[in-house]
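If you want the building blocks of each chain, they are given just below.
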Amino acid sequence: EGESLAESQRACMLTLWEELRPQLEQLTNSVPEVSESGSRKRIANVGSSVRGNQVAERHNVLVQRLKIQPEFDITQVDGGFSAIVRWRWTSWLDGELQTHEAEASGEGRSKALAKAAAMEKIMVEQGHLTAMEPDFLKRVDELGTLLSDPGTIEEAAQRTVELIQERPPQDWREFVPGVWKQLLAENREEELNQVLTGIREAAAAEGSTGIPSDVWEELLDSCTPIVRHRGALATQMMLQFDDLNLDPQGFGGELEHRYFKRFRHLLALERHGAYIQGIQLYTQDFDRQQPLPMLLRLHDAPKKGVGNMMFTTETPFRSGNSGEELRSNDVVLMVPLEDGQRFDAMTAEDKLWGDGSFLAYVGNIKRDHSGSRLSCNMLSGRGTSQSLEVGNEFQVYRITMDTPIMRMVEAMRALCLTTAPRWREPSYFPRSCMAYDDSIRSIVLDPASETSKQLANESVEGVEFDPTMAPGTLTEDQQRAVAKSMTQRVTLIQGPPGTGKTYTACAVISTWLQQMDPTEKILAVADSNVAADNIVAKLRAFGVDAVRIGDGVGDAVRDYVDGTFDDGSLARAIADGDGQATSKRHMMLARAVRSQQVTVSTCVGAGMEMLDDHRFTRVLVDECSQAVEPSALIPLSRHCERLVVIGDHRQLPATVISNHCQRLGLGRSLFEALIDARTTAPVLLTEQRRMHSSISAFPNQAFYNSALVNAVDDADRPPIAGFPWPGDGDCRVALVDVS
């Protein structure tokens, strides 16, 4: 039965399929292949569908991490199917962007198993996988069977620990992540601690290399979307990952090993904190923070735990309060409408934090005249008792975006790993189009070392600064800052409030352009969209056209960029209203990045793929003291050779959501790290031209050792009317007791 003929037909076919599936599977399992000699044999394949799914999932993660473009050709053969997979990727090698290709084939009794066989073979050939002996894979399959029954989960955990003790760490990839995810989904704290203890002891045992970095990452990331009981169990597990012995293989050295372990752990905790906070915002003010005005109906679901899902809706993908469109890469909370009356009677707490709710990652969104389809990837697994069925309905709550932290992780991998995230024996494989200059890498990893200090202060090719090269009037401090940036590898500029940090940044960029080869490129970034827009606006006053990329661009800057770089195709698309404006703007920006010397974005925006084919040898980071250190790595990974860092560690620090991360030091910026290490002496801008002298008096004395000079006439800052300012209005600071 169904509300329409189409739904009734679909329901009939699903019912029939469930009845016939066991017989069909038995039939396909018994299909033999006739060889050329006429004898019958089983067609070669990766084994069970469970193993095939594991291989496919691993392949998908790998190609996404390494930005590989896979292609498949599948043909039917006697007894099954044959598949060919082709990889195509680009990487920077010896200063040049090079293209690489690889190919492998495989066979199986179904299309899925043939694809899995081909994927397994190419991963083995490229060094990301090694073939496992059948007996071991059989034991792994038995673990999956035990995990599917709540009554045998305890036995599954015990067998997992036994396998951990028996097998070398590189084999843990085959079974530990799957067991870990299912135990998290089942909320089995005792078994989780049992497995974690087994890993800790085996990784620390004599002769052990430690837990492979990719397994450590996968277990850590599996915890982040677990929000049940406000994430208490997941947080408890994640905090224990810091003391696990991490395999040093694949890292550039001990510095890279320690740096990656520390910040990768912190970013996972911060990601988890963002999920929890996003749900709490709805919980605290549920009546105002309503779900997105859409009802999603499950169209297709994974058979087990984590996997891809397809939803349909007849409403547009927009949020209820801000009107902001739901986009790919958003993380949403799916709350099931199991029973309408029961759901209406539930409290906000039960709805949002209930066992049936789960986090999902938004993939593709397709719209047509009949409605929309949304593909999602379930992030947090569900227990064996929490089934998903086609037709289930969900309310949707937008939580956050994963893009910022994922780009930080990618930048850290490029900084620290000499081999790509891998599934088997280490081998060379291009990581991505992110790459660091050796000197910049050394400075970031160990800013306090004498080598780093020498590199940072080292004179590099350039010309001596002439004040006439800078447009407009610069203070003496600003002139010193620009002069340093002309010849020194790393320049720190500390700008207290109102001292002209952004103006100085634009002077640096304008002066750089006068000495640079026309083929060189500059990347200017800031932590916030507002600050990035300010750079673009001020550069215009310097006569410099800059390309502003990324989301969150202000209307004025967007209009300027569109008017400067559009060849007419974007304007026509907007006028026609054909829905192509977004793609046309992206193409326009990509062309502009190729043709212009200066590109401006946020720190996170510097990770956009349109920059992958370019080298930005000069990088300027404004607002650096307000960005967490891994965020500042993103622009540096674009081949930075000369760096200007602008900020003020005496003002607001970087925003950190997780209290654990704040306590463990994620809030310290790259700017503050360089200041504390005394890597290079900062240039302090001392003339403040913004505020009344009575306002600047306290911060000047408390934070800047009275070094600031008031370059503004107090007469030009009249008091705001309507308030009894102290000292007959001469003092513009008042403390009001509101207790």
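Residues numbered from 1 in each chain as written. Predicted model: local features only at pLDDT ≥ 70, side-chain atom pairs only at ≥ 80, totals over all residues. Heavy atoms only, no water.

### Details of the overall build of the protein chain
Along its length, the protein chain carries 25 helices and 20 strands. Counting across all 739 residues of the protein chain, residues that qualify as buried make up 50%. Within the protein chain, counting contacts between residues at least 6 apart in sequence, those at least 24 apart form 71% of the total. Split by element, the accessible area of the protein chain, about 34,400 Å² in all, is 48% carbon and sulfur. (Helix = DSSP H or I, 4+ residues; strand = E, 2+ residues; numbered from the N terminus. Buried < 20%, exposed > 50% of the residue type's maximum accessible area, 1.4 Å probe, protein only. Contact = heavy atoms within 4.5 Å. Areas by Shrake-Rupley, 256 points an atom, 1.4 Å probe, with all protein chains shown as cover.)

### Side note on the confidence of the model for the protein chain
The predicted coordinates ought not to be read in detail in places where the model reports low pLDDT. Looking at the protein chain as a whole, its pLDDT mean stands at 85, while 85% of the residues score no less than 70. The lowest-confidence element of the protein chain is strand E2 (residues 40-41), averaging 33 in pLDDT; the highest-confidence one is strand E13 (residues 522-526), averaging 98. Confidence over residues 30-45 falls short of pLDDT 50; this stretch has 30 contacts with residues more than four positions distant or in other chains. Segment residues 421-431 is flagged for pLDDT under 50; beyond a separation of four residues in sequence, or across chains, it makes 58 contacts in the model. (pLDDT = per-residue confidence, 0-100.)

### Quick notes on helix H17 (residues 501-515)
Under the 1.5 Å per step criterion, the end-to-end length of H17 is 22 Å for 15 residues, consistent within 8% with the ideal 21 Å. In terms of burial, H17 is largely enclosed, as 12 of its 15 residues are buried. Burial in H17 covers these residues: Lys501, Thr502, Thr504, Ala505, Cys506, Ala507, Val508, Ile509, Ser510, Thr511, Trp512 and Gln515. (Expected span 1.5 Å × (residues − 1).)

### Overview of unusual backbone geometry
Positive phi, normally seen in glycine, also occurs at Asn329, with a value near 80°. Here Asn329 is to be found in the loop between strand E7 (308-313) and strand E8 (330-336). Among the residues examined, Asn329 registers a relative accessible area of 29% and is labelled partly exposed. Its identity is not glycine, yet Asp728 carries a phi of approximately 55°, on the positive side. Residue placement: Asp728 occurs in the segment after strand E20 (709-710).

### Here we look at the environment of Leu255
If you trace the backbone, Leu255 turns up in helix H10 (residues 254-284). Since its relative accessible area comes to 31%, Leu255 is described here as partly exposed. Considering only alpha carbons, one finds Leu255 and Ser442, 187 residues apart in sequence, at a separation of 9.1 Å. When residues no more than four places from it in sequence are discounted, the contact partners of Leu255 are Leu445 and Asp446.

### Observations regarding the sheet that holds strand E17 (residues 642-647)
Here we have seven strands laid out as an open sheet, ordered E14-E15-E13-E16-E17-E12-E18, and parallel in their pairing. Edge positions in the sheet fall to strand E14 (547-548) and strand E18 (683-684), since each has one partner strand and no second. Note that E13 and strand E16 (residues 618-622) share five bridges and pair parallel. Within the sheet, the bridge partner assigned to Ile522 lies in E16 and is Arg618. (Pairing = 2+ DSSP bridges.)

### A look at the pattern of salt bridges
Tallied over the full model, the rule gives 33 salt bridges. Residues Glu217 and Arg264 are paired through a salt bridge, measuring 2.6 Å at the closest nitrogen-oxygen approach. Of the two residues, Glu217 sits in helix H8 (residues 213-223) while Arg264 sits in helix H10, which places them 47 residues apart along the sequence. Overall, the relative accessible area of 1% leaves Glu217 in the buried class. For Arg264, a relative accessible area of 2% puts it in the buried group. Asp221 is paired through a salt bridge with Arg271; the nearest N and O atoms lie 3.9 Å apart. (Salt bridge = Lys/Arg side-chain N within 4 Å of Asp/Glu carboxyl O.)

### A closer look at the environment of Pro630
Within the secondary structure, Pro630 sits in helix H22 (residues 629-636). For the pair Pro630 and Leu670, spaced 40 residues apart in sequence, the C-alpha separation works out to 8.1 Å. Filtering out sequence-adjacent residues up to four positions away, Pro630 remains in contact with Phe263, Leu267, Met408 and Leu666.

### A few points about a nonpolar patch on the surface
Residues Ile695, Val733 and Leu735 make up a contiguous nonpolar surface patch of roughly 300 Å² in combined accessible area. Here Ile695 lies in helix H25 (residues 693-703). (Patch = residues over 30% accessible without salt bridge, like charges linked within 9 Å, V, L, I, M, F, W, Y side chains within 5 Å.)

### With respect to the packing of aromatic side chains
For the coordinates displayed, the defined rule picks out 11 aromatic pairs. Taking 5.1 Å as the distance between ring centres and 80° as the angle between the ring planes, the aromatic pair formed by Tyr282 and Tyr397 counts as edge-to-face. Taken together, the residues span a long stretch of sequence, with Tyr282 in helix H10 and Tyr397 in strand E11 (residues 393-401) at a distance of 115 residues. For the pair shown, Tyr282 and Tyr397 are each scored as buried. For the ring pair Phe358 and Phe394, a centre distance of 5.7 Å and an interplane angle of 75° mean the geometry is edge-to-face. (Phe/Tyr/Trp six-rings, centres within 6.5 Å; stacked < 30°, edge-to-face > 60°.)

### Examining the pairing of E16
In terms of burial, E16 is a largely internal element, five of the five residues being buried. Bridge count between E16 and E17: four bridges; the pairing is parallel. Within the sheet, the bridge partner assigned to Val621 lies in E17 and is Val645. Once the chain exits E16 it traverses H22 before rejoining the sheet at E17, and the crossover so formed is right-handed. (Right-handed = clockwise from strand over helix to strand, strands pointing away.)

### Side note on the packing of helix H16 (residues 476-487) against H17
Packing of H16 against H17 leaves a shortest axis separation of 10 Å and a crossing angle of 40°. For the element pair H16 / H17, the angle class is oblique. Judged by the twist between their axes, the crossing of H16 over H17 is right-handed. Across the interface between the two elements, Gln478, Ala481, Val482, Ser485 and Met486 of H16 pack against Tyr503, Thr504, Ala507, Val508, Thr511, Trp512 and Gln515 of H17. Residue classes in the contact of H16 with H17 are distributed as seven nonpolar, five polar and no charged. (Axes fitted to C-alpha atoms, helices over the stretch in contact; angles between N-to-C directions. Parallel < 35°, antiparallel > 145°, perpendicular 65-115°, else oblique. Left-handed = near helix turned anticlockwise from the far one by under 90°. Nonpolar A, V, L, I, M, F, W, Y, C, P; charged D, E, K, R; others polar.)

### Structural notes on the side chain of Thr686
Looking at the element boundaries, Thr686 is found in the loop between E18 and strand E19 (687-688). A relative accessible area of 17% means that Thr686 is categorised as buried. Polar contacts involving the side chain of Thr686 include one to the side chain of Asp477, which spans 2.4 Å. Not counting residues up to four positions away in its chain, the partners in contact with Thr686 are Asp477, Thr499, Ala707, Leu708 and Val709. (Polar contact = N/O pair within 3.5 Å; in protein donor to acceptor, adjacent residues only side chain to side chain.)

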